[in-house]
Amino acid sequence: MSVPYITIGNVRIKRTAALAPMASVADRAYRYVCKDHGAAYMVSEMISAKGLCYSDRNTEELCTVTDHERPYALQLFGEDPEYIGKAAGMLMKYSPDIIDINMGCPVPKIVKSGAGSALMKDPEQIYRIVRAAVGSCGVPVTVKIRSGWDGEHINAVEAAKAAESAGASAVAVHARTRTQMYSGKADISVITAVKQSVSIPVIGNGDVVSAETARDMYEKTGCDLVMIGRGSYGRPFVFDEIDCFFEGREYAPPTDIERLDVMYHQAELSVGFFGEHTAMSRCRRQCAFYLRGMPDAACFRDRCSRLEKLSQLGQLIDEIKERLWISSERKKNT
Ligand SMILES: Cc1cc2nc3c(=O)[nH]c(=O)nc-3n(C[C@H](O)[C@H](O)[C@H](O)COP(=O)(O)O)c2cc1C
């Protein structure tokens, strides 16, 4: 069964599942592994428009992506149309397929500056920001919004319409309000309402963790593409699962050994991209997710939290593999 493609501007994207932007989590190594396992589209960690304009070195690092990740978007955040316009133009040197603008970040520091989800309070500013980005870069511009500021102010439809009329080529909707942050259940009826109100593609986001929940998101909202954030923690395989489901192929979940090998591969890539110190601090948390459900996971997770070197992770993986072998032998003998 062949899966259809959607287009955002001139960019073709397989209608399976995209990886959501996740600052400090979905870095280059994480995205690389998700792409290997079938993520149809990826969005970078958020990049400060002002930071980029003032040539902040950390910001430069965030803009670097590998061709392997295409089609990909670089995501900007900021509250000022002038900086957003300038930064969108500057991003062209990194050759993104799409530029996305963050209108959903709930972090107090970002919100206080008027950026991220604070923009949900001001659809006219959304219009100005999108207009500035569209006018200064040669690629499609998209926005990622929330349902609204809080339960009393659900205005995703209004925000999406403002973005569309300013020239946005797609809108991603995280179906939670700012006050919900990341808790509570996503109310996907908001995504349905947005889909019924705009003509540009709508990306549905919130609580998708499997092929079944992806199918539900497509069927219940009519969205054009599904986006997965936390459901991919330690589980890049979720993209394979969704690919198989929509292509009508049998899905074989990874064995524990395969999961460990992918975990090591991600760590290795991370060391190559960021150096051992930064890589291992990021790996500590991610490895704990990969180990979920394995025998003695709690004890091994504790060891993960103290990893300093890639070689220590290699040793730990050898021990876990041995543990897995012993427990499978035990099962055979009982
Ligand atoms: C650790 C973390 C970092 C995030 N960083 C970003 C970000 O940089 N830009 C953005 O638009 N959304 C960001 N998000 C929100 C996610 O993209 C996504 O909208 C949210 O997690 C809901 O999807 P999920 O239920 O599939 O996780 C972040 C979420 C998490 C958990």
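Residues numbered from 1 in each chain as written. Predicted model: local features only at pLDDT ≥ 70, side-chain atom pairs only at ≥ 80, totals over all residues. Heavy atoms only, no water.

> Tell me about helix H10 (residues 237-247), and please be specific about residues and values.
The buried fraction of H10 is high, at nine of 11 residues. For H10, the full list of buried residues reads Phe237, Val238, Phe239, Glu241, Ile242, Asp243, Cys244, Phe246 and Glu247. The positive-phi residue at the C-terminal boundary of H10 is Gly248, with phi of around 70 degrees. (Buried < 20%, exposed > 50% of the residue type's maximum accessible area, 1.4 Å probe, protein only. Helix = DSSP H or I, 4+ residues; strand = E, 2+ residues; numbered from the N terminus.)

> Tell me about the pattern of salt bridges, residues and numbers included.
Under the definition given, this model contains 21 salt bridges. With a closest N to O distance of 2.8 Å, Arg249 and Glu247 form a salt bridge. Note that Glu319 is salt-bridged to Arg303, the shortest N-O span being 3.0 Å. Taken together, the residues Glu319 in helix H14 (residues 310-333) and Arg303 in helix H13 (residues 297-304) connect sequence positions 16 residues apart. Residue classification places Arg303 among the partly exposed positions, given a relative accessible area of 30%. One network of salt bridges, with partners in common, ties together Lys14, Asp243, Glu247 and Arg249. (Salt bridge = Lys/Arg side-chain N within 4 Å of Asp/Glu carboxyl O.)

> Got a sec to walk through the site of the ligand? Specific residues and values, please.
Around the ligand, the surrounding shell holds 19 residues, and the nearest of these are Pro21, Ala23, Gln75, Asn205 and Arg230. Contacts to the ligand include Gln75, whose side-chain N or O atom sits 2.8 Å from a nitrogen atom. Between the ligand and Arg230 there is a distance of 2.7 Å, counted from an oxygen atom to a side-chain nitrogen or oxygen. Within the complex, 91% of the 610 Å² of free accessible area of the ligand lies under protein. Of the residues that constitute the shell around the ligand, the class distribution is nine nonpolar, six polar and four charged. (Near = heavy atom within 4 Å. Polar contact = N/O pair within 3.5 Å; in protein donor to acceptor, adjacent residues only side chain to side chain. Areas by Shrake-Rupley, 256 points an atom, 1.4 Å probe, with all protein chains shown as cover. Nonpolar A, V, L, I, M, F, W, Y, C, P; charged D, E, K, R; others polar.)

> Give a detailed account of the domain arrangement of the protein, specifying residues and quantitative values.
Size of an interface: often given as the accessible area lost when the parts come together. The domains assigned to the protein are domain 1 (5-247) and domain 2 (256-333). Each of domain 1 and domain 2 was reduced to a C-alpha centroid, and the two centroids are 30 Å apart. With 15 residues of domain 1 in contact, the opposing surface of domain 2 contributes 13 residues. Summed over both sides, the interface between domain 1 and domain 2 buries roughly 1300 Å², with carbon and sulfur atoms accounting for 69% of that surface. The tally of links from domain 1 across to domain 2 stands at one salt bridge. Across the pair Asp27 and Arg282 runs a salt bridge whose closest N-O atoms are separated by 2.8 Å. Between the two partners, domain 1 and domain 2, sit one residue pair in polar contact (both at pLDDT 80 or more). (Domains from an automatic or database assignment. Contact = heavy atoms within 4.5 Å. Buried area = accessible area lost by both parts, 1.4 Å probe.)

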